[in-house]
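One letter stands for each residue in the lines below.
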Amino acid sequence: MFSLQLQFYLLLIIILPMVLGIPLAKALPLVLKVMTKPVIDILKTKARKDPNWNSTVILPVARYYNKMSLRLRLYAQGLKRNKEQLEKSAKMSDEAALDLGAELVANGATLLFGLMAIALQQTLSGQADQRKTDEKKRQEAEQSEMIRELNEKVLEIGLAVEYLDTQMRSMNRLVLSMQSYNDASRQTPKKDGDMS
């Protein structure tokens, strides 16, 4: 059953971003939260059954938490108790301590998974932002290179136009000088006696 759920969640991780267009960085923490629920339940049941966990982790954590929460409640109410009264009030049965300790361990594991999911989300979104920034810089570099090339081509075209303009003026002067020469040669000098 657990492996079937795991396969479903892995499939969900792969298909959800493609179908719905949800970024993986946003879908992953939700999927991890859902996936950790069975793990937390297994951890809770194993922790209750294992005597080593009971004596070293669960019972001391539960009793310490109970004592601190009792002190906090008494402080918030403005009540003062001596150490013996606190110890007597904070006493709890092993069964209640097992329940509370298993719940605390499960909540701690959930918190740890959540923090890991947040860290993973931040890492993935940071990488995505970095890729976007790099892509934008690359596009800006390409655009500035294209603008530089276009400016060079415009300058070359401007120089070519100036050269052609100079050549055209030179040709116009040549043509004008040839026309004036031709006009002068067509006119024949008039003789003094000829008046026609």
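Residues numbered from 1 in each chain as written. Predicted model: local features only at pLDDT ≥ 70, side-chain atom pairs only at ≥ 80, totals over all residues. Heavy atoms only, no water.

Take the confidence of the model for the protein next. The predicted model of the protein averages 78 in pLDDT, with 73% of residues at 70 or higher. Per-element mean pLDDT across the protein ranges from 58 in helix H1 (residues 2-20) up to 86 in helix H5 (residues 94-186). (pLDDT = per-residue confidence, 0-100. Helix = DSSP H or I, 4+ residues; strand = E, 2+ residues; numbered from the N terminus.)

It is worth spelling out the pattern of salt bridges at this point. Within this structure, the stated rule accounts for six salt bridges. Salt-bridge contacts for Glu152 lead to Arg148; the nearest nitrogen and oxygen are separated by 2.4 Å. Here Arg148 and Glu152 lie together in helix H5, a separation of four residues that amounts to about one turn. The partly exposed category is assigned to Arg148, whose relative accessible area is 39%. What emerges from the salt-bridge pattern is a single network uniting Glu135, Arg138 and Glu142. (Salt bridge = Lys/Arg side-chain N within 4 Å of Asp/Glu carboxyl O. Buried < 20%, exposed > 50% of the residue type's maximum accessible area, 1.4 Å probe, protein only.)

Bringing the packing of helix H3 (residues 51-77) against helix H4 (residues 83-90) into the picture now. Taken N-terminus to C-terminus, the directions of H3 and H4 make an angle of 120 degrees; their axes are 9 Å apart at the nearest point. Of the possible angle classes, the one that applies to H3 and H4 is oblique. The hand of the H3/H4 crossing is right-handed. Across from Asn66, Lys67, Leu70, Arg71 and Leu74 in H3, the residues of H4 making contact are Leu86, Glu87, Ser89 and Ala90. For the contact of H3 with H4, the per-class residue count stands at four nonpolar, two polar and three charged. (Axes fitted to C-alpha atoms, helices over the stretch in contact; angles between N-to-C directions. Parallel < 35°, antiparallel > 145°, perpendicular 65-115°, else oblique. Left-handed = near helix turned anticlockwise from the far one by under 90°. Contact = heavy atoms within 4.5 Å. Nonpolar A, V, L, I, M, F, W, Y, C, P; charged D, E, K, R; others polar.)

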